[in-house]
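Per-entry structural report
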Amino acid sequence: MSFVIVQWAYKSVLKIFNLMYLNLIKSDYHSKIWREGTKIILKKSNKSNYSISKTYRIITLLNCLDKIAKKLIAMWLSYTAKTNNKLLDFDQMRNRKQRSAIDTVLNLVHDAQMAKSRENTLTCLLLDVKDVFDHVMLKQLIKILIKQKILINLINWVKCFLQNWVIDLAFDEEHQKSKEISTEILQESFISLILFLIYIQHLFLKIRARIENLQSLNYIDDVALYIKGKSIDKNVKKLKKMTKIAFTWANENAVQFDNSKFELIHFESHKVTFDQMIMLFNDIVVKSKICIQWLEVWLNRKLNFKMHMQIKIITVTRTLHSLFRLMNSEWELNMKSERQLYLACITIISDYDVKIWWNNQKSHAIKFCKLQNAALRKILRAFRTLLIEVMQIEAEISSVKVWLNQKCKNYAIKIVELLKKHLTRKWTFILYSSQYIIKLDLNLNATNYLNWNESTSKLSQKVKNCKEKLT
């Protein structure tokens, strides 16, 4: 059933839908029909060896009514996590409002920069949980929910939801007969993410209780454990002790870490680089790296983002050349369509992590300017001698420096609007306060800002209100 059909049906029989979902949740029941799905196995592109299971991706086709039910429960759990600080750890970032992948990386960058400013070294170990949704013990999850004093209706619903799933497999136009699966958290489910966060939450509490000054960040299966100190040797010893606790907990709770994805880096400001490695208790040696990739962002020891910018420029250039080939095709796109394609395809790649690396660096701005100038000439069919400012006005595209600063200012406003206790505000306040926020204690309200679609009398009154706030 398509979501469009569900939307039209909901508008027609709104009361029936509301009563149905309310009664199903109250009765602790998840319909049997909704616990049926088809798993389609797809090959990942550009893989050399397809005999390995990792080279395949599984997509589950589920009932739309089932997705709505799981989304409602996920929203309920998210709200419970917001009101009950013990349900999720404060540094677990995914599937929670106002906590994105960029916020997670920015928190790590903030701590590394603060450590460097105090002449300390931040040693960070990156872990990856293997096959996240396949290693969740139902009994253990129920125990955690009971311990956290979650409503009994919700606990019974989760128990019903995770049992007696019937799955069909489809691969290369072949179908396998339906099989019953228990304790299955589907990766595409709305509720699967927050259930796994609840399941793994105790690990971080256990580590911090044993080791002082250890900090962690968790984005579903990506875990960053780091510690600050004057001595790298002491940092490595503490991290080694931490990994022993983590592996012991993982064995007790049927969770596995992917040994091939362990990464170690020392964020330091010394001219001489330290290649201190770490040997884990299971004889796995993790060597320190000069540069690592975490949540699609490349971080090096000096935090100058040179490697990240090189890769980003290559990606933007490749996409831009593909766009040029489309512009030169027989379809003969008009200027408006070409501009829209440029904004949709190119600026999104550039804007994704601007908040992390942009600090008015001329070298970074020049590289993006060259690419944007080439795009402007192609869109406007202009000569190379035409002034860049004229082309920007004609195409209604702002300069690189303007839109990069605008993105950072928008993010700064977002930080100010967060609660003072919010993790992202605590950790990123110092990074953005000096550059983009003048009055940090200003109570921002959307009603105080100008709206182009308002009368002039209201606009003049809002201007006065803004001036009064700023003085």
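Everything below is about the structure printed above this text.
Below: a short report on this structure.

Definitions and cut-offs
All residue numbers refer to positions counted from 1 along the written sequence of the respective chain. Local features in this predicted model are restricted to residues whose pLDDT is 70 or higher, and side-chain atom pairs enter the listing and the counts only when it is 80 or higher, whereas totals over whole chains, interfaces and linings include all residues. By convention in this description, side-chain values take in all heavy atoms of the structure and omit both hydrogens and water. Only Phe, Tyr and Trp rings are paired, with Trp represented by its six-membered ring, and only when their centres lie within 6.5 Å; those with planes under 30 degrees apart are stacked, over 60 edge-to-face, the remainder tilted. Buried means the residue's accessible area, taken with a 1.4 Å probe over protein chains only, is under 20% of the maximum for its type, while exposed means over 50%, and partly exposed covers the values in between. A positively charged side chain is recorded as over a ring if its NZ (Lys) or CZ (Arg) lies within 6 Å of the ring centre. The angle to the ring normal must also be within 35 degrees. For patch detection, residues must exceed 30% relative accessible area and be free of salt bridges, and they are connected within 9 Å for like charges or within 5 Å for nonpolar side chains (Val, Leu, Ile, Met, Phe, Trp, Tyr). The Shrake-Rupley method, run with a 1.4 Å probe, gives the accessible areas here. Residue values count only the displayed protein chains as cover. Salt bridges are defined by distance alone: a side-chain nitrogen of Lys or Arg within 4 Å of a carboxyl oxygen of Asp or Glu. Labels follow the DSSP assignment, with helices taken as runs of H or I lasting at least four residues and strands as runs of E lasting at least two, numbered in each case from the N terminus. By the convention used here, strands pair only if DSSP detects at least 2 bridges between them. Each axis is a line fitted through C-alpha atoms, taken for helices only over the stretch in contact, and angles between the N-to-C directions span 0 to 180 degrees. For classification purposes, an angle smaller than 35 degrees is called roughly parallel, one larger than 145 roughly antiparallel, one from 65 to 115 roughly perpendicular, and anything else oblique. Residues are treated as being in contact if the distance between any of their heavy atoms lies within 4.5 Å. Polarity classes work like this: nonpolar for Ala, Val, Leu, Ile, Met, Phe, Trp, Tyr, Cys and Pro, charged for Asp, Glu, Lys and Arg, and polar for all others, with Gly in that last group. In plain words, nonpolar cores are sets of buried Ala, Val, Leu, Ile, Met, Phe, Trp, Tyr and Cys residues tied together by side-chain atoms within 4.5 Å.

1. Quick look at the packing of aromatic side chains
Taken as a whole, this structure holds 10 aromatic pairs when the rule is applied. When the ring of Tyr-10 is compared with that of Phe-17, the centres are 5.7 Å apart and the planes differ by 80 degrees; the resulting orientation is edge-to-face. Centre to centre, the rings of Trp-357 and Trp-358 are 6.1 Å apart; their planes meet at 85 degrees, and the pair counts as edge-to-face. Judged on exposure class, the residue Trp-357 and its partner Trp-358 are both buried. Positioned above the aromatic ring of Trp-8, the side-chain terminus of Lys-11 is 5.0 Å from the ring centre. Between Lys-378 and the ring centre of Phe-324, over which it is positioned, the NZ or CZ distance is 5.8 Å.

2. Comments concerning a nonpolar patch on the surface
Together, Leu-42, Ile-59 and Leu-61 make up a nonpolar patch on the protein surface, roughly 230 Å² of accessible area in all. By the secondary structure assignment, Ile-59 is in strand 2 (residues 56-61).

3. Details of the sheet that holds strand 4 (residues 165-171)
Sheet strands associate in pairs through backbone hydrogen bonding, adopting either a parallel or an antiparallel arrangement. Reading across from one edge, 2-1-4-5 is the order of the 4 strands in this open sheet, with mixed pairing throughout. Looking at the sheet topology across the chains shown, the edges are occupied by strand 2 and strand 5 (174-181). Ignoring strand direction, the axes of neighbouring strands in this sheet form an average angle of 25 degrees. Here strand 1 (residues 36-43) runs beside strand 4; their pairing, made up of 5 bridges, is parallel. By the bridge assignment for strand 4, Lys-39 is matched with Leu-169.

4. Some details on the pairing of strand 1
Taken together, the 6 bridges between strand 1 and strand 2 define a ladder with antiparallel strand orientation. Bridge assignment links Lys-43 to a residue of strand 2, and that residue is Tyr-56.

5. Concerning the packing of helix 5 (residues 138-147) against helix 7 (residues 190-210)
Helix 7 packs onto helix 5 with a crossing angle of 80 degrees between their chain directions and a minimal axis gap of 10 Å. When the axes of helix 5 and helix 7 are compared, the pair comes out roughly perpendicular. On helix 7, the residues touching Gln-140, Leu-141, Ile-144 and Leu-145 of helix 5 are Leu-195, Ile-198 and Tyr-199. Tallied by class, the residues present in the contact of helix 5 with helix 7 amount to 6 nonpolar, 1 polar and no charged.

6. Focus on unusual backbone geometry
Look at Asp-28: it is not a glycine, yet its phi comes out positive at around 60 degrees. In the Ramachandran plot, Asn-164 falls in the positive-phi region, its phi being about 60 degrees despite a non-glycine side chain. Structurally, the position occupied by Asn-164 is in the loop between helix 6 (152-161) and strand 4. Classification of Asn-164 by relative accessible area gives partly exposed; the value is 36%.

7. Comments concerning the nonpolar core
Of all hydrophobic cores here, the largest spans 63 residues; its most connected members are Ile-191 and Phe-257. Breaking this core down by element, the ones donating at least two residues are helix 3 (64-83), strand 3 (121-130), helix 5, helix 6, strand 4, helix 7, strand 7 (222-229) and helix 8 (232-252). The dominant element in this core, judged by the number of residues it contributes, is helix 7, at 12 residues. Other than its neighbours up to four places away in sequence, Ile-191 contacts Lys-70, Ile-73, Ala-74, Leu-77, Trp-157 and Phe-161. Core analysis: the next-biggest nonpolar cluster, separate from the first, contains 55 residues, Ala-112, Ile-292, Leu-299 and Leu-320 among them.

8. Quick notes on the pattern of salt bridges
The full count for this structure, using the stated rule, is 10 salt bridges. Taking the shortest distance from any N to any O, the salt bridge between Glu-252 and Lys-206 comes out at 3.9 Å. On the criterion of sequence distance, the pair formed by Glu-252 in helix 8 and Lys-206 in helix 7 is long-range, its members being 46 residues apart. When its relative accessible area of 21% is taken as the criterion, Lys-206 is described as partly exposed. Salt bridges linked by common partners bring Asp-89, Asp-91 and Arg-208 together as one network.

9. Examining the environment of Leu-380
Examined against the element boundaries, Leu-380 turns out to sit in helix 12 (residues 362-380). With 12 residues separating them in the primary sequence, Leu-380 and Gln-392 have C-alpha atoms 9.9 Å apart. Ignoring any residue separated from it by four or fewer positions in sequence, one finds Leu-380 in contact with Met-335, Met-391, Glu-394 and Ala-395.

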